[in-house]
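Architecture at a glance
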Amino acid sequence: MARRTRQLMAMVPALGLAVMAASGCATPVSQPSGNSGVSLVQSGKLVTCTHLSYKPFQYSEGDKTIGFDVDLVDLVAKDLGVQQQIFDTPFETITSGTSFSANQCDLAAAGMTITDERKQAIDFSDPYFEASQALLVKKGAGFSDLAALKGKKLGVQQDTTGEKYANDNAAANGYTVVQFEDLPLMETAVRTGAVDAAINDNGPLFDYAKEFPDTEVTKEFDTGEQYGIGMKKGNTALQTKVNEVLKKAKENGEYNKIYEKWFGKKPESK
């Protein structure tokens, strides 16, 4: 979920509304997990900040949070000998580093694109997923690219690289950008006709079009994005551990198994 930080101070009051799955707000502890040298904000827990819903990377099903990112971080938690716990929070508090400074979580997994701007506020793991932008429309609408949207409305999710891409290309293509607070609202707007099309990361949009066949993805834009797991600036012990687990998962086939579970195919070899 390729989002950029904006209007952080306006979002700070919303921190109190964030929901911790099966627990209260995280409190800092200095006890390392096992022999890893990794200190966690809650003893026995690996607390993961995310922003729901971003299917299939993280979303709620009943009283559980599931998804591709969730399964990957479970591997890290298992290696540390603890349980993963999800903390749902506004995305801006993750990319700004505020969630880490407030000891709300140990790391963040939220379909989050690695950008130079974000690296000024938080550290990232090695890349674990390739992404690009895509165009979602009602099936048969005939909008095959941005140029076809002249005089039309293009939906975006706020604080995403999709929003940035849409704004950067708006003048050249003559469409109006309409902003939505989250992905489900944006996707629904396409189905209801509130907007003519929408742009976001390709993974979630292909997943949505599969679930709702009255929509389709008609175009992908090669933006060369890569997702990373975020953590507090300078937390090299946790960064090293996450990178070790990701590397091992790719070598022993666990990564491919999780990828195929959520995307129905094996990742393309580079």
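Fair warning: this is a prediction, and the values are worked out from it, not measured in the lab. (Residues numbered from 1 in each chain as written. Predicted model: local features only at pLDDT ≥ 70, side-chain atom pairs only at ≥ 80, totals over all residues. Heavy atoms only, no water.)

1. Thoughts on the packing of aromatic side chains
Counted by the stated rule, this structure contains 19 aromatic pairs. Positioned over the ring face of tyrosine 59 is lysine 55, at 5.0 Å from the centre of the ring. (Phe/Tyr/Trp six-rings, centres within 6.5 Å; stacked < 30°, edge-to-face > 60°. Lys NZ or Arg CZ within 6 Å of the ring centre and 35° of its normal.)

2. Quick word on helix H8 (residues 202-211)
In an α-helix, one full turn covers 3.6 residues, which means residues spaced three or four apart are oriented alike. Along H8, seven of the 10 residues are buried, which leaves the element largely enclosed by surrounding structure. Turning to H8, its buried residues number three or more, namely Asn202, Gly203, Pro204, Leu205, Asp207, Tyr208 and Ala209. Buried-residue contacts for H8 involve strand S8 (129-138), helix H7 (183-192), strand S11 (197-201) and strand S12 (215-227). (Buried < 20%, exposed > 50% of the residue type's maximum accessible area, 1.4 Å probe, protein only. Helix = DSSP H or I, 4+ residues; strand = E, 2+ residues; numbered from the N terminus. Contact = heavy atoms within 4.5 Å.)

3. Thoughts on the pairing of strand S2 (residues 45-50)
S2 sits mainly inside the fold: five of its six residues count as buried. Across two bridges, S2 lies against strand S6 (residues 107-108) in parallel orientation. Within S6, the position partnered with threonine 48 by the bridge is leucine 107. (Pairing = 2+ DSSP bridges.)

4. Looking at the pairing of S8
Most of S8 sits out of view: eight of its 10 residues are buried. Taken together, the nine bridges between S8 and S12 define a ladder with antiparallel strand orientation. Of the residues in S12, the one forming a bridge with leucine 135 is lysine 219.

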